[in-house]
Every structure is written in C-alpha cells, then in structure tokens.
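Observations on chain architecture
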Amino acid sequence: KTLMKKNINLFGYNLYIELKKRAKPTISNNTNIAELPKPYKLNFGPGPNWKKPDISWLSVDIDASLGEIVVNFQEFEKLPLENNSVECVYGSHVFEHMSIFKSQLVFNEIYRTLRVNGTFRLILPDAEKSINEYIKGNHGYELFKRRKERAKKNQNIEYTLFESMREDFLSPNGQANLLGKNTLAHQNAWDYETIKTHLMRAGFKEEDILKSEFQKSHCDAFQFEGTYPSEANQDYRSIYVEAIKHL
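The present account deals with the structure reproduced in this document. Quantities reported herein were computed from a predicted structural model and do not represent experimental measurements. (Residues numbered from 1 in each chain as written. Predicted model: local features only at pLDDT ≥ 70, side-chain atom pairs only at ≥ 80, totals over all residues. Heavy atoms only, no water.)

**Concerning the overall build of the protein chain**
Counting its regular elements, the protein chain contains six helices and ten strands. Residue pairs at least 24 apart in sequence account for 64% of intrachain contacts in the protein chain once pairs closer than 6 positions are excluded. Just so you have it, the protein chain exposes about 13,700 Å², and 50% of that area is on carbon and sulfur atoms. (Helix = DSSP H or I, 4+ residues; strand = E, 2+ residues; numbered from the N terminus. Contact = heavy atoms within 4.5 Å. Areas by Shrake-Rupley, 256 points an atom, 1.4 Å probe, with all protein chains shown as cover.)

So, in structure tokens, the structure goes:
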C-alpha cells in the first residue's frame, strides 16, 4: 500500500519520494488455516505445475493465485504459523530468489515452525558446478546454452560465458507484475558447506544435515518430486539437501 507520493526540490535537485507500507505475510482469502489438520506441510514457491498431494499442504508464494501463505520475501519478517506446527518443508530452486539479507531469517522461521523430527528439504542451483564449468571454458554446458538462448530471445544480446555463469548469482526478474521492473530473480547462492552453515545458524545440528539426491528422501511426503515439470528434475545442476530437526 502506498502511503505517500511526492516530488520535492532539495538543494536544486528534483527528487521523487514514494513511501509504502511494508507488506506482512498474509493468508489467502480462500484459506482458513485454523480449519486444516495439523501439522501442516509447506512448499515454498512450487509453481503452477505442482498438485497438492493432500489438504495438509500449504503453498508459500508471492503470487496470491498460487499460495495460501502470500509472502514478499524482500520484506519478510516471519511466517504466520505457530511454533512446532509444521511436519515438513519443501523448496526447490526458490531460496536463491531471496536476498542475502532475508534468507537466513527464512531458514530461522522454518526451524521455528518445524516440529521435532520434521524434515526440511531444499534444492538449490549448484553454483560450484557452474563455476567449475566456467573455469573449464565449457560453452556446451547445458545450463549455459539455455541461458544464452534465452538472452538472445528476450533481450537480443549475445551472452558471454561469464554472463551465463553469473546467472547462478544474479539474474533478471521475469515477474515484473509481481516484483517490479529492473529487479532481480536470482540474488543468492550457496555451495554445500555454506548452506550447511546457514542451516546450523538456524538451529539444525550438523549431524542432522545431509547431502541428498534427486528423488531420494528420508521423508515420504516428498514423493511428488520428479512427477511434474520442475527445476528439481535438473539433477545435473542442482544440490539436494535435507535437514532434520532434533533437539
């Protein structure tokens, strides 16, 4: 919500000021979480192709048409859920879209809401793999080829090899209607050691954080992985990690 728009002249400079009220996570008007069975299951940014396995699943998304819990992660403060109310959390190729100033807070909130013995499964772009392919000068790396083709189609520019690699860390946003023009999609990245460190900062114990693989999980609730079009299926360029909450 915009609180004020104003043009002012300050020391000879014309300035435009726009003040907006910070958006807090909200519950979709069509969802009454209190009526849903606990514990909940959360899927962060699942996209339109994902179909809920059962009614205990809640989608967390910036798009109100896709999420029961609607969150702009650039302004994130907390999840609107009670402590220990979530059985499991899934997120595929979504956390890299959160800024370095908010991602740790999101991990903290996931740990807070996750119940004991609950599982957090996250799938991330393998930034280390992209760096290695760039160092090798691998123009034929499938991910780089796809990014070059997209840049040519959407922006009519020829990406360099470095630009193709850089999109693991910084990439242009394709949802201007939700996030505005000239904003970032990818704005964060991890290797395995770094994501493990960040999960430990959230509260997970080192021995309870494990490297995983595509369609291999300690939690039966994630059996939908690989059954619909998703970046999670691109195991050649993804890191799979699971953290279990033990006290």
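Next comes the rest of the description.
**Side note on the pairing of strand β10 (residues 238-244)**
Among the seven residues that make up β10, seven are buried, leaving the element largely enclosed by the rest of the structure. Going residue by residue along β10, you find Ser238, Tyr240, Glu242 and Ile244 tucked away on one face and Ile239, Val241 and Ala243 tucked away on the opposite face as well. Examined bridge by bridge, strand β8 (residues 114-125) and β10 share seven bridges and lie antiparallel to one another. Opposite phenylalanine 120, over in β10, you have alanine 243 as the bridge partner. Bridge count for strand β9 (residues 209-211) against β10 is three bridges, and the pairing is antiparallel. What sits directly across from isoleucine 209, in β10, is alanine 243. (Buried < 20%, exposed > 50% of the residue type's maximum accessible area, 1.4 Å probe, protein only. Pairing = 2+ DSSP bridges.)

**Things to note about helix α6 (residues 192-202)**
Side chains three or four residues apart in an α-helix point the same way, a direct result of the helix having 3.6 residues per turn. By the burial criterion, the buried members of α6 are Tyr192, Ile195, Lys196, His198, Leu199 and Ala202. Angular distribution of buried residues about the axis of α6 spans 165°; they occupy a single face of the element. The inward-facing, buried residues of α6 contact α1 (103-113), β8, β9 and β10. (Arc of directions from axis to C-beta.)

**Regarding the packing of aromatic side chains**
Applying the stated criterion across every chain yields a total of 21 aromatic pairs. On the basis of an interplanar angle of 80° and a centroid distance of 5.6 Å, the ring pair of phenylalanine 95 and phenylalanine 120 is categorised as edge-to-face. Of the two residues, phenylalanine 95 is situated in the loop between β7 (86-92) and α1 and phenylalanine 120 in strand β8; the sequence distance between them amounts to 25 residues. No difference in accessibility class separates phenylalanine 95 from phenylalanine 120, as the two residues are buried. Plain terms: the ring middles of tyrosine 111 and phenylalanine 204 are 4.9 Å apart, the flat faces sit at 80° to each other, and that makes the pair edge-to-face. Taken together, the residues tyrosine 111 in helix α1 and phenylalanine 204 in the loop between α6 and β9 connect sequence positions 93 residues apart. You'll find tyrosine 111 and phenylalanine 204 in the same group, each marked buried. Feature note: the residues Phe44, Phe73, Phe76, Phe95, Phe107, Tyr111, Phe120, Trp190 and Phe204 constitute an aromatic cluster, connected by ring pairs. (Phe/Tyr/Trp six-rings, centres within 6.5 Å; stacked < 30°, edge-to-face > 60°.)

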